Amino acid sequence: MAKAFMYHDIRDFSNTDYKSRIELKSFLTVDQFKSQLDYLIKNYRIISTNDLLDSDNVCDDKCAILTFDDGLKDHYEVASILSDHNIKGTFLIPTVAIKDRLVIKSHKIQFILASENEMVLVDRIFDYFNLSPLRSQVMWNKFSWSKWKDNWWTPEMVFITNILRNHEMGTQITDELFADLVTKDEEDFCGDFYLTESQVGDLVSSGMEVGGHGYLSESLTLLDQEGDIPKSLEYIKSFHNNDLVFSYPNGEYNDKTLSLMAQYGCKFSYTTVSKSITKDFKNLEIPRFDGPRYLPL
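Residue indices follow the written sequence of each chain, beginning from 1 at its first position. Two thresholds apply to this predicted model, a pLDDT of at least 70 for residue-level local features and 80 or more for giving and counting side-chain atom pairs, whereas whole-chain, interface and lining totals are computed over all residues. The side-chain numbers reported here are obtained from all heavy atoms of the structure, hydrogens and water having been left aside.

Student: What is the right way to look at unusual backbone geometry in this model?
Tutor: A negative phi angle characterises most non-glycine residues, just as the trans form characterises most peptide bonds. Positive phi values are uncommon outside glycine, yet Asn86 reaches one of about 60 degrees. Within the secondary structure layout, Asn86 lies in the loop between helix 4 (74-84) and strand 4 (90-93). Under the scheme applied here, a residue whose accessible area is under 20% of the maximum for its type counts as buried, over 50% as exposed, and between as partly exposed, the area being computed with a 1.4 Å probe on protein chains only. Note on Asn86: relative accessible area 73%, which makes it exposed. To qualify as a helix, a DSSP run of H or I must reach at least 4 residues; to qualify as a strand, a run of E must reach at least 2; elements of each kind are numbered from the N terminus.

This is the structure in structure tokens:
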């Protein structure tokens with residue numbers, strides 16, 4: 001059974017002012033990534049997403065696919081490393097960050113967490129709601145639990161992330177905290193953090209697969225999916241005419257998502273379910289392991 005591996009940030013500590021963020025378990029330094037790539041090359045035959053059309057590849061437990069979410073500037077160097085080994089990666093980009101030069105919410109939350117003490121942030125968030133102690137406790141109970149069985153975050157990190165992602169006031173609070181604690185100039189921030197459209201074009205020209213990661217790159221089940229999904233896929237079409245690939249932001253999707261993906265011609269889409277790809281896999285529900293946590297460093 002083939003395996004797909006998911007990557008996000010691959011950046012050295014010297015190339016960030018937010019070291020505590022890069023220390024999160026799902027992120028790697030460049031040397032750590034190279035070490036994992038060496039391991040993969042020795043133990044797997046690395047294929048592309050489109051190679052899943054060949055059932056022999058799916059059934060081969062020595063086949064691996066490398067996917068990279070979020071359209072990060074780091075991935076330009078990653079693509080160069082892959083090219084040196086004649087390897088194709090699948091790079092999945094959020095439209096709003098690359099096209100509109102706005103920071104996606106999940107990254108705003110990560111940088112907010114890296115900019116202030118967790119307990120201080122919890123208090124600041126509660127200040128927005130002005131609740132009684134009892135209602136504050138109810139809110140804490142609702143948002144401080146994690147859906148992940150292998151959760152390693154503190155309850156404070158879980159609460160902050162959940163409430164900023166999922167509460168109806170979450171976007172407003174996130175934007176205000178990001179502007180106050182990180183920067184008010186999102187375009188300048190994007191210049192250091194995300195790929196440019198020209199760089200995305202370079203990835204395509206070098207033979208990499210480029211796909212979508214949502215227009216806003218937020219949980220699709222909380223959005224107007226009829227608006228978000230087609231805008232994301234149409235943007236990807238502006239770079240190439242190949243089969244469309246996608247990954248669900250935050251791993252969230254539902255039956256409506258799957259219907260829209262099929263309607264707009266998406267060929268493959270990745271989830272965050274951690275398991276191998278079996279011969280009866282569904283093209284729009286491809287599982288992935290978190291590379292930094294699954295593979296040896």
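Right, picking up where we left off after that structure.
Student: Even after reading the chapter, I still don't get the environment of Asp280, so can you show me in this structure?
Tutor: Tracing the backbone through its elements, the reader meets Asp280 in the loop between strand 7 (266-270) and strand 8 (289-290). It is 32 Å that separates the C-alpha atoms of Asp280 and Leu72, two residues lying 208 residues apart in sequence. Any pair of N or O atoms that falls within 3.5 Å is considered a polar contact. Within protein, one atom must be able to donate a hydrogen and the other to accept it, and sequence-neighbouring residues count only if both atoms are side-chain atoms. Side-chain polar atoms of Asp280 contact the side chain of Thr278, separated by 2.5 Å.

Student: Please explain the pairing of strand 4 as it appears in this structure.
Tutor: The two faces of a sheet get side chains in turn, since along a regular strand they alternate between them. What you see with strand 4 is no split at all: Thr90 and Leu92 on one side and Phe91 and Ile93 on the other are buried throughout. Strands pair, by our definition, only if DSSP identifies at least two bridges between them. Sheet topology places strand 3 (residues 63-69) next to strand 4; three bridges connect them, and they run parallel. Bridge assignment links Thr67 to a residue of strand 4, and that residue is Thr90. Seen with its strands pointing away from the viewer, a crossover is right-handed if its path from the first strand over the helix to the second goes clockwise. Note on the crossover from strand 3 through helix 4 to strand 4: the handedness is right-handed. Sheet topology note: the strand 4/strand 5 (residues 209-212) ladder contains four bridges and is parallel. Counted as the bridge partner of Ile93 is Gly212 from strand 5.

Student: Would you take a moment to explain the pattern of salt bridges for this structure?
Tutor: Pairing between side chains of opposite charge can happen when the charged atoms of each approach one another. Definition used for salt bridges: Asp or Glu carboxyl oxygen within 4 Å of a side-chain nitrogen of Lys or Arg. If you walk through the whole model with that rule in mind, you get 12 salt bridges. As a salt-bridge pair, Arg288 and Asp69 come within 3.0 Å of each other at their nearest N and O atoms. With a gap of 219 residues between them, Arg288 in the loop between strand 7 and strand 8 and Asp69 in strand 3 connect regions that are remote in the sequence. Here the residues in one salt-bridge network are Arg11, Asp74 and Asp192, joined through shared partners.

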